[in-house]
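# Understanding the architecture of this molecule
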Amino acid sequence: MKKIGVVLYPNYSLQEITCITSTLSIWFNEEIDYIASENICYFTEEGLPTYPTKLIQEVNITDYDCVIIPGSINPLVGLYDDELIHFLHQGISSDVVFAAISSAPLLLGKAGLLKGKKYIGGLFVQQLDYFDFMEIDNFTHKSIEIEDGLITGIGMYFVDFAKTVLKYLDYPIDETFLNPSLKYTEKDLLFYYSEEDYLNFVNEVKTFEK
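Scope of this entry: the structure provided in the associated data block. Values in this document were obtained by computation on a predicted structure and should not be read as measured data.

## Re the side chain of Ser72
The topology assignment puts Ser72 in the loop between strand S6 (66-69) and helix H2 (76-79). Judged by relative accessible area, Ser72 falls into the buried class, the value being 5%. In terms of polar contacts, Ser72 uses its side chain to reach the backbone carbonyl oxygen of Asn11, at 2.7 Å. Those residues in contact with Ser72 that lie beyond four places of it in its chain are Tyr9, Pro10, Asn11, Tyr12, Glu45, Ser102 and Ser103.

## A word on a nonpolar patch on the surface
Side chains of Tyr184, Leu189 and Phe191 sit close together on the surface and give an oily, nonpolar patch of about 410 Å² of accessible area. Note on placement: Leu189 falls in the loop between helix H6 (158-168) and helix H7 (195-209). A relative accessible area of 48% means that Leu189 is categorised as partly exposed.

## What to know about the sheet that holds strand S5 (residues 54-55)
Here we have seven strands laid out as an open sheet, ordered S5-S2-S1-S6-S7-S9-S8, and mixed in their pairing. Both edges of this open sheet fall to S5 and strand S8 (144-147), since each of them pairs with a single strand only. In this structure, strand S2 (residues 32-36) lies alongside S5, joined through two bridges in parallel fashion. Within S5, the residue paired with Ala36 across the bridge is Leu55.

## A word on the side chain of Ser103
Relative to the elements of secondary structure, Ser103 occurs in the loop between strand S7 (97-101) and helix H4 (105-110). Here the side chain of Ser103 touches Ser72 through a polar contact of 2.9 Å, landing on its backbone oxygen. The contact partners of Ser103, leaving out residues within four places of it in the chain, are Tyr9, Gly71, Ser72, Pro75, Gly122 and Leu123.

What counts, and at which threshold
- All residue numbers refer to positions counted from 1 along the written sequence of the respective chain.
- Given that this is a predicted model, residues contribute local features only at a pLDDT of at least 70 and side-chain atom pairs are listed and counted only at 80 or more, while totals for whole chains, interfaces and linings are drawn from all residues.
- Working from all heavy atoms in the structure, the side-chain values ignore hydrogens and water.
- Only runs of H or I of at least four residues qualify as helices and only runs of E of at least two qualify as strands under DSSP, and these elements are numbered from the N terminus.
- In this scheme, a residue with accessible area under 20% of its type's maximum is buried, one over 50% is exposed, and one in between is partly exposed, where area comes from a 1.4 Å probe on protein chains only.
- As used in this structure description, the phrase polar contact means that two N or O atoms lie within 3.5 Å; if the pair is within protein, one of them must be able to donate a hydrogen and the other to accept it, and residues adjacent in sequence are counted only when both atoms belong to side chains.
- Here a residue-residue contact requires only that any non-hydrogen atoms of the pair lie within 4.5 Å.
- Residues enter patches when they are more than 30% accessible in relative terms and free of salt bridges; like-charged ones are connected within 9 Å and nonpolar ones (Val, Leu, Ile, Met, Phe, Trp, Tyr) within 5 Å.
- The method behind every accessible area is Shrake-Rupley, applied with a 1.4 Å probe, and residues are considered shielded solely by the protein chains displayed.
- Whenever a carboxyl oxygen of Asp or Glu lies within 4 Å of a side-chain nitrogen of Lys or Arg, that contact is scored as a salt bridge.
- Criterion used throughout: strands pair if DSSP finds at least two bridges between them.

Spelled out as structure tokens, the structure:
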């Protein structure tokens, strides 16, 4: 079991991280901490109301194996959340894997985590020019970039981002993960419980039928 944290802030993109979070929780039974600076409702970019399960003040970032940071079409609120940036800054020179997608590398940059490292993101060139903490010479032209425990990606490549993060953390996935073949037989679309899972299913049904 690994300790996984996901950072929440206003208007974060749910789409960019659900491939990772659903796989971690459903396939690998990982319990994910959803971390924020305040115990308030955070509306996602899609308008879904969500709440943190942990506050920054309650956790130590170096206790996590991986911290996932979604992007946002409007990242400035997160970028100027000093408590959040300080929390990320505490991960410098640690073994924490940081996975940031879309605009989220801006937060890593302000926290000092991009210094001297190659990175990518769904960022405008003018943003890289404006913020002096974004080392434009280290900005690469790839869909996903990996360097020294830092995984960054462009938002539209959220499936590749999920695969990269999961592989980097040594979860057993293969090339067919989230990429089902377009060619299939009827048998391929028939799904069966194992005997143990079916028994659990029947027992659960019975609790509703009482």
